[in-house]
Amino acid sequence: MPVEEFVAGWISGAVGLVLGHPFDTVKVRLQTQTTYHGIVDCMVKTYRHESLLGFFKGMSFPIVSIAVVNSVLFGVYSNTLLALTATSHQQRRAQPPSYMHIFVAGCTSGFLQAYCLAPFDLIKVRLQNQTEPRAKPGSPQPRYRGPVHCAASIFQEEGPRGLFRGAWALTLRDTPTVGIYFITYECLCRQSTPEGQNPSSATVLVAGGFAGITSWVAATPLDVIKARMQMAGLKQRAYQGVLDCIVSSARQEGLGVFFRGLTINSARAFPVNAVTFLSYEYLLRLWG
Ligand SMILES: C[N+](C)(C)CCCC[C@H](N)C(=O)O
């Protein structure tokens, strides 16, 4: 099994992650807390209360986990295409795979990466939702002291299965939308690249950016549900399952609830996925 796609996926994921994390924190807070009146209000309050560092809460862990998750995302995608079409990534410009194959490979990779992502994403969301300012003497201690403490506490308080809270919603979110992600990317690259050639850097940036936006727009309704189920073990109400969470969120807050975080998800998705695809393509070409 070729491994360079796994390594390229890891590095490119880390680059994208740092760029996108502040957007991500604002998004998670808007989705799960009711104290903010929109993006700007959330940014101002976070900055006043917690300084710039507040936006980077919960990032150290994803930097490590992105190694696993993004390499599974790109590695499984490319290797599934290899199994389906018998072409390696070097041959795929000359013999482009069909959109059907791209979609199936994308869904397979979305499904598998969701399970690797689930515990990491849970810890990220729990840490991002701690609004206490950084520990000063005398100030209240946040519940979780860091990612390892958070993982250990969840394990103790909610059991080993607690670490997979929200995993089902995450799988439903990612299986089809990773398919959409790769289809959009390939489709936009092919449209603006002469046959058989590699897409230019500008094309890769734009196609990657739009792949991010399209897939995140499709993913946002289940992203809200996922975040709520992840927080459910802690303080908010418990849900019986994904369906119960969907129904009771819609009943209490109206259909608009499914679009919470849509603007910020899209704003984050463009730069993050533009640089992710650019560094991914660059590294693979470098290694030939
Ligand atoms: C499919 N879905 C939209 C969920 C995610 C696909 C993009 C993954 C990327 N690492 C990012 O964080 O944007």
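What counts as what
Residues numbered from 1 in each chain as written. Predicted model: local features only at pLDDT ≥ 70, side-chain atom pairs only at ≥ 80, totals over all residues. Heavy atoms only, no water. UniProt positions renumbered as here; feature names shortened; annotations may be inferred. Helix = DSSP H or I, 4+ residues; strand = E, 2+ residues; numbered from the N terminus. Buried < 20%, exposed > 50% of the residue type's maximum accessible area, 1.4 Å probe, protein only. Contact = heavy atoms within 4.5 Å. Areas by Shrake-Rupley, 256 points an atom, 1.4 Å probe, with all protein chains shown as cover. Near = heavy atom within 4 Å. Polar contact = N/O pair within 3.5 Å; in protein donor to acceptor, adjacent residues only side chain to side chain. 1 Å grid on protein atoms, 1.4 Å probe; cavity = no way out; pocket = protein on both sides within 12 Å on 5 of 7 lines; lining within 4 Å. Points joined across faces, edges and corners; volume = space filled by probe spheres on them. Nonpolar A, V, L, I, M, F, W, Y, C, P; charged D, E, K, R; others polar. Patch = residues over 30% accessible without salt bridge, like charges linked within 9 Å, V, L, I, M, F, W, Y side chains within 5 Å. Salt bridge = Lys/Arg side-chain N within 4 Å of Asp/Glu carboxyl O. Expected span 1.5 Å × (residues − 1). Phe/Tyr/Trp six-rings, centres within 6.5 Å; stacked < 30°, edge-to-face > 60°. Core = buried A, V, L, I, M, F, W, Y, C linked by side-chain atoms within 4.5 Å.

- By the naming in an unreviewed UniProt entry, the chain is Solute carrier family 25 member 45 isoform X1, taken from Ceratotherium simum simum.
- Under the UniProt heading Subcellular location (unreviewed entry), the entry covering the chain gives this text: "Mitochondrion membrane".
- Within the UniProt record for the chain, the comment given under Sequence similarities (unreviewed entry) is "Belongs to the mitochondrial carrier (TC 2.A.29) family."

### Some thoughts on the overall build of the chain
Reasoning step 1: Along its length, the chain carries 9 helices and 0 strands.
Reasoning step 2: Starting at the N terminus, the α and β elements of the chain follow one another as α-α-α-α-α-α-α-α-α.
Reasoning step 3: Here the chain holds 288 residues, and the buried ones make up 51% of them.
Reasoning step 4: Taking the contacts inside the chain whose residues are at least 6 apart along the sequence as the reference set, 78% of them involve residues at least 24 apart.
Reasoning step 5: For the chain, the computed accessible surface area is about 13300 Å², with 67% contributed by carbon and sulfur atoms.

### Observations concerning the site of the ligand
Reasoning step 1: Close contacts around the ligand come from Asn 70, Arg 173, Asp 174, Thr 177, Val 178, Tyr 181, Ser 215, Trp 216, Ala 219, Arg 268 and Asn 273, and that covers them all.
Reasoning step 2: Between the ligand and Trp 216, the relevant distance is 2.9 Å, taken from an oxygen atom to a side-chain nitrogen or oxygen of the residue.
Reasoning step 3: Within the contact set of the ligand, an oxygen atom lies 3.0 Å away from a side-chain nitrogen or oxygen of Asn 273.
Reasoning step 4: In isolation the ligand exposes 380 Å². Once the protein is present, 89% of that is buried.

### Regarding the layout of surface pockets
Reasoning step 1: Of the volumes computed, that of the largest pocket is approximately 520 Å³.
Reasoning step 2: Lining the largest pocket are 28 residues, with His 89, Arg 92, Arg 93, Glu 186 and Glu 281 sitting closest to its centre.
Reasoning step 3: Mapped by element, the contributors of at least two residues to the lining of the largest pocket are α3 (60–85), α6 (167–191) and α9 (262–286).
Reasoning step 4: Tallied by class, residues from the lining of the largest pocket come to 13 nonpolar, 8 polar and 7 charged.

### What about a nonpolar patch on the surface?
Reasoning step 1: Taken together, Val 7, Trp 10, Ile 11, Val 15, Tyr 282, Leu 286 and Trp 287 make up a surface patch of nonpolar side chains, about 660 Å² in accessible area.
Reasoning step 2: Top element by residues in the nonpolar patch is helix α1 (residues 4–32). It accounts for 4 residues.
Reasoning step 3: Its place among the elements puts Trp 10 in helix α1.

### Some words on α3
Reasoning step 1: For α3, with 26 residues, the first-to-last C-alpha span of 38 Å sits near the 38 Å given by 1.5 Å per residue.
Reasoning step 2: Backbone geometry just after α3 places Ala 86 at a positive phi near 55°.

### Considering empty space enclosed by the protein
Reasoning step 1: In the structure shown here, the tally under the stated rule is 1 cavity of 30 Å³ or more.
Reasoning step 2: A volume near 660 Å³ is recorded for the largest cavity.
Reasoning step 3: Counting residues per element, the lining of the largest cavity draws most heavily on α1, at 7 residues.
Reasoning step 4: Looking at the lining of the largest cavity residue by residue, the class counts come to 12 nonpolar, 11 polar and 9 charged.

### Re the packing of aromatic side chains
Reasoning step 1: A full pass over the atoms with the stated rule returns 10 aromatic pairs.
Reasoning step 2: Measuring from ring centre to ring centre gives 5.3 Å for Tyr 181 and Phe 277, while their planes differ by 45°; the resulting arrangement is tilted. On the criterion of sequence distance, the pair formed by Tyr 181 in helix α6 and Phe 277 in helix α9 is long-range, its members being 96 residues apart. Take Tyr 181 and Phe 277: they sit in the same class, and that class is buried.
Reasoning step 3: Pairwise contacts between aromatic rings join Phe 74, Tyr 77, Tyr 181, Phe 182, Tyr 185, Phe 277 and Tyr 280 into one cluster.

### Digging into the nonpolar core
Reasoning step 1: In terms of nonpolar packing, the biggest core is built from 19 residues, with Leu 73, Phe 74, Tyr 77, Tyr 181, Phe 182, Tyr 185 and Phe 277 touching the most fellow members.
Reasoning step 2: Looking at this core, the elements with two or more residues in it are α3, α4 (99–128), α6, α7 (201–232) and α9.
Reasoning step 3: For this core, the leading source of residues is α6, giving 5 residues.

### Topic: the environment of Ala 250
Reasoning step 1: By secondary structure assignment, the location of Ala 250 is in helix α8 (residues 242–253).
Reasoning step 2: Overall, the relative accessible area of 21% leaves Ala 250 in the partly exposed class.
Reasoning step 3: Filtering out sequence-adjacent residues up to four positions away, Ala 250 remains in contact with Leu 255, Val 257 and Phe 258.

### Some points on the pattern of salt bridges
Reasoning step 1: This structure, assessed with the given rule, holds 21 salt bridges.
Reasoning step 2: Measuring nitrogen to oxygen at the nearest pair gives 2.8 Å for the salt bridge that ties Glu 253 to Arg 260.
Reasoning step 3: Residue Glu 253 is classed as partly exposed on the basis of its relative accessible area of 34%.
Reasoning step 4: One connected set of salt bridges, linked through shared partners, spans Asp 24, Lys 27, Asp 121, Lys 124, Arg 173, Asp 174, Asp 223, Lys 226 and Arg 268.

### A short note on the side chain of Asn 265
Reasoning step 1: Tracing the chain through its elements places Asn 265 in helix α9.
Reasoning step 2: Take Asn 265: its relative accessible area is 0%, and that puts it in the buried class.
Reasoning step 3: Apart from residues lying up to four places away in sequence, Asn 265 is in contact with Lys 27, Gln 31, Trp 216, Thr 220 and Asp 223.

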